[in-house]
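These are the residues of each chain, in order.
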Amino acid sequence: MPSIKKKNIAIAISGASGAIYAQRLLKKIKGLDNQIDKIAIVFSENAKQIWQEELHKPLPVAQDMQIFENNDFYCPLASGSNDFDAMIIVPASMGIVGRIANGISDDLISRAADVMLKERRKLIVVPRETPYNLVHIRNMETITLAGGIICPATPSFYQNPQNINELADTVVDRIIDLVGLQQKSFRWGD
Ligand SMILES: Cc1cc2nc3c(=O)[nH]c(=O)nc-3n(C[C@H](O)[C@H](O)[C@H](O)COP(=O)(O)O)c2cc1C
């Protein structure tokens, strides 16, 4: 069988509600280590607080992944010569969506997203806000036109999720599909 090139994935967690999406993504993605070489993680400062408030769990520690501070512009993700295949921002606040859409690379998350777009690599943004105002919608349009993928944190119900983890997984499974990783998950029509 031909060997598949393993992917390097960056996961940014910003200060929107929905830390569970990031938690579930990290759990699932670690189980796909046959397809993944490197995982890099960045939290915004608000995201660190929201993670603890919503999940009542300590922040993940660097074991089989690298964790970078959001002000670390020496991190490889800040440069176009990095070897990351995809970046996921989950959950994405309207603040980070606005900074990316306007090229304001004033922290590592916005700079790394800017790099992914300029290098024409995969950027998946998972916004969490409701309702949207026109500024939010225009910013999401700009990111889409620049090549990013907006994958809203909108769970689906047709799988009959039985608990909050299963509900969050309906979004997380879509993200994993969009990255191009193979996994067993239930999709409409299966
Ligand atoms: C508890 C809490 C929940 C928040 N939830 C959201 C949210 O769901 N969506 C959003 O766009 N901003 C939300 N915010 C506001 C953002 O954290 C704030 O705009 C921040 O500046 C975003 O920057 P960051 O993404 O770099 O953390 C929330 C803030 C707090 C304290």
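Residues numbered from 1 in each chain as written. Predicted model: local features only at pLDDT ≥ 70, side-chain atom pairs only at ≥ 80, totals over all residues.

Re the overall build of the protein chain
Item 1. Looking only at helices and strands, the protein chain has 6 helices and 6 strands in total.
Item 2. Helices and strands appear in the protein chain in the N-to-C order β-α-β-α-β-β-α-α-β-α-β-α.
Item 3. Over its C-alpha trace the protein chain gives a radius of gyration of 16 Å, about what one expects of a compact globule, namely 16 Å for 190 residues.
Item 4. A principal-axis box enclosing the C-alpha atoms of the protein chain has dimensions of 45 × 40 × 35 Å.
Item 5. Classification of the 190 residues of the protein chain by burial places 39% in the buried group.
Item 6. Counted over contacts in the protein chain with a minimum sequence separation of 6, partners at least 24 positions apart contribute 80%. (Helix = DSSP H or I, 4+ residues; strand = E, 2+ residues; numbered from the N terminus. Rg over C-alpha atoms; globule rule 2.2 N^0.38 Å. Buried ≥ 20, exposed ≤ 12 C-beta atoms within 10 Å, placed from the backbone. Contact = placed C-beta atoms within 7 Å.)

Describing the sheet that holds strand 4 (residues 86-92)
Item 1. Here we have 6 strands laid out as an open sheet, ordered 3-2-1-4-5-6, and parallel in their pairing. Because the sheet does not close on itself, it has two edges, and the strands there are strand 3 (66-68) and strand 6 (149-150).
Item 2. Across 7 bridges, strand 1 (residues 7-13) lies against strand 2 (residues 36-43) in parallel orientation. The partner of Asn 8 across the bridge, within strand 2, is Lys 38. (Pairing = 2+ DSSP bridges.)

Points about the packing of helix 3 (residues 94-101) against helix 5 (residues 134-145)
Item 1. Running from N to C, helix 3 and helix 5 point in directions that differ by 50°, and their axes come no closer than 9 Å. Relative to helix 5, helix 3 is oriented oblique. For the pair helix 3 and helix 5, the sense of crossing is left-handed. Taken together, the residues of helix 5 that come into contact with helix 3 (itself represented by Met 94, Val 97, Gly 98, Ile 100 and Ala 101) are Val 135, His 136, Asn 139, Met 140, Thr 142 and Ile 143.
Item 2. Its residues assigned to classes, the contact of helix 3 with helix 5 comprises 7 nonpolar, 4 polar and no charged. (Axes fitted to C-alpha atoms, helices over the stretch in contact; angles between N-to-C directions. Parallel < 35°, antiparallel > 145°, perpendicular 65-115°, else oblique. Left-handed = near helix turned anticlockwise from the far one by under 90°. Nonpolar A, V, L, I, M, F, W, Y, C, P; charged D, E, K, R; others polar.)

Some points on the packing of helix 3 against helix 4 (residues 108-118)
Item 1. Viewed as axis vectors pointing N to C, helix 3 and helix 4 meet at an angle of 45°, and their least axial separation amounts to 9 Å. Judged on the interaxial angle alone, helix 4 and helix 3 are oblique. As helix 3 packs across helix 4, the resulting crossing turns out to be right-handed. Facing helix 3, whose interface residues are Ile 96, Arg 99 and Ile 100, helix 4 presents Ile 109, Ser 110, Ala 113 and Asp 114.
Item 2. Across the contact of helix 3 with helix 4, the residue classes tally to 4 nonpolar, 1 polar and 2 charged.

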